[in-house]
Amino acid sequence: MTKKILVPVADGTEELEAICIVDVLKRAGADVTIASVNEEIVKASQGTRCFSDALIQDCIDKTYDLIVLPGGIPGVNNLSDSEVLIELL
C-alpha cells in the first residue's frame, strides 16, 4: 500500500531539508504532496524558488500517513503561523 505523505513548505523553508526528503520518499514509492502555506511559489531560505503541488488549504480534507516538517528560518515560523497546518497536525 502506497503511503501518502504531506510536506508543508513556506517562505524561508530550508531547501535541502524539503527537497532531499521529498526525493528520498518518492524514490521509496511514497505519494508525496508538497503543500505551501503561502503562495504556490515559495522563496526558500537561500533564495531558491520552489513550486508546490498544492496549497495547504486544499489538503485539509485529505488523510496522510505522515506529515514531514522541514526546518529553516523563518520557514518554521511561517509554518507555525498556519492554522490549517496546525489543524492537520
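The notes below deal with the structure included here.

Calculation criteria
Residues numbered from 1 in each chain as written. Predicted model: local features only at pLDDT ≥ 70, side-chain atom pairs only at ≥ 80, totals over all residues. Heavy atoms only, no water. Salt bridge = Lys/Arg side-chain N within 4 Å of Asp/Glu carboxyl O. Helix = DSSP H or I, 4+ residues; strand = E, 2+ residues; numbered from the N terminus. Buried < 20%, exposed > 50% of the residue type's maximum accessible area, 1.4 Å probe, protein only. Pairing = 2+ DSSP bridges. Right-handed = clockwise from strand over helix to strand, strands pointing away. Phe/Tyr/Trp six-rings, centres within 6.5 Å; stacked < 30°, edge-to-face > 60°. Lys NZ or Arg CZ within 6 Å of the ring centre and 35° of its normal. Contact = heavy atoms within 4.5 Å. Axes fitted to C-alpha atoms, helices over the stretch in contact; angles between N-to-C directions. Expected span 1.5 Å × (residues − 1). Arc of directions from axis to C-beta.

**Regarding the pattern of salt bridges**
Step number 1: According to the stated counting rule, one finds 1 salt bridge in the structure shown.
Step number 2: Measuring nitrogen to oxygen at the nearest pair gives 2.9 Å for the salt bridge that ties Asp-23 to Arg-27. A residue pair is termed a helical-turn pair when its members lie 3 or 4 positions apart in one helix, as Asp-23 and Arg-27 do in helix H1 (residues 15–27) at 4 residues.

**Some words on the pairing of strand E2 (residues 31–36)**
Step number 1: The element E2 is extensively covered by neighbouring structure, given that 5 of its 6 residues are classed as buried.
Step number 2: Sheet topology note: the strand E1 (residues 4–9)/E2 ladder contains 6 bridges and is parallel. Within E2, the position partnered with Ile-5 by the bridge is Val-32.
Step number 3: The parallel pair E1 and E2 is bridged by H1, and the resulting crossover is right-handed.

**A closer look at the packing of aromatic side chains**
Step number 1: A full pass over the atoms with the stated rule returns 0 aromatic pairs.
Step number 2: For the cation-ring pair, Lys-4 lies above Tyr-64, with the distance from its terminal atom to the ring centre recorded as 5.4 Å.

**Description of the sheet that holds E2**
Step number 1: One open sheet holds the 4 strands; their spatial order is E5-E2-E1-E6, and the pairing between them is parallel. This sheet does not close on itself; its edge strands, each paired only once, are strand E5 (54–55) and strand E6 (66–67).
Step number 2: Sitting on the sheet, H1 touches E1 and E2, and the angle it makes with E2 is about 155°.

**A short note on the environment of Leu-6**
Step number 1: Along the chain, Leu-6 falls in strand E1.
Step number 2: A relative accessible area of 0% means that Leu-6 is categorised as buried.
Step number 3: C-alpha separation for the pair Leu-6 and Leu-88, spaced 82 residues apart in sequence, amounts to 9.8 Å.
Step number 4: Once residues lying within four places of it in the same chain are set aside, the contact partners of Leu-6 are Thr-33, Ala-35, Ile-56, Cys-59, Tyr-64, Leu-66, Ile-67, Val-68 and Leu-88.

**Side note on unusual backbone geometry**
Step number 1: A cis amide bond links Ile-73 with the next residue in sequence, Pro-74, at an omega value of 10°.
Step number 2: Its location among the elements puts Pro-74 in the loop between E6 and helix H2 (75–80).

**Describing H1**
Step number 1: For H1, which comprises 13 residues, the first-to-last C-alpha distance of 18 Å matches the rise-based estimate of 18 Å (1.5 Å per residue) to within 8%.
Step number 2: What H1 keeps buried is the set Glu-15, Ala-18, Val-22 and Leu-25. Projected down its long axis, H1 shows its buried positions confined to an angular sector of 140°, all on one face. Turned more than 90 degrees from where H1 packs its buried face, Leu-16, Val-24 and Arg-27 sit exposed.
Step number 3: Of the surrounding elements, those touching the buried residues of H1 are E1 and E2.
Step number 4: Backbone geometry just after H1 places Gly-29 at a positive phi near 95°.

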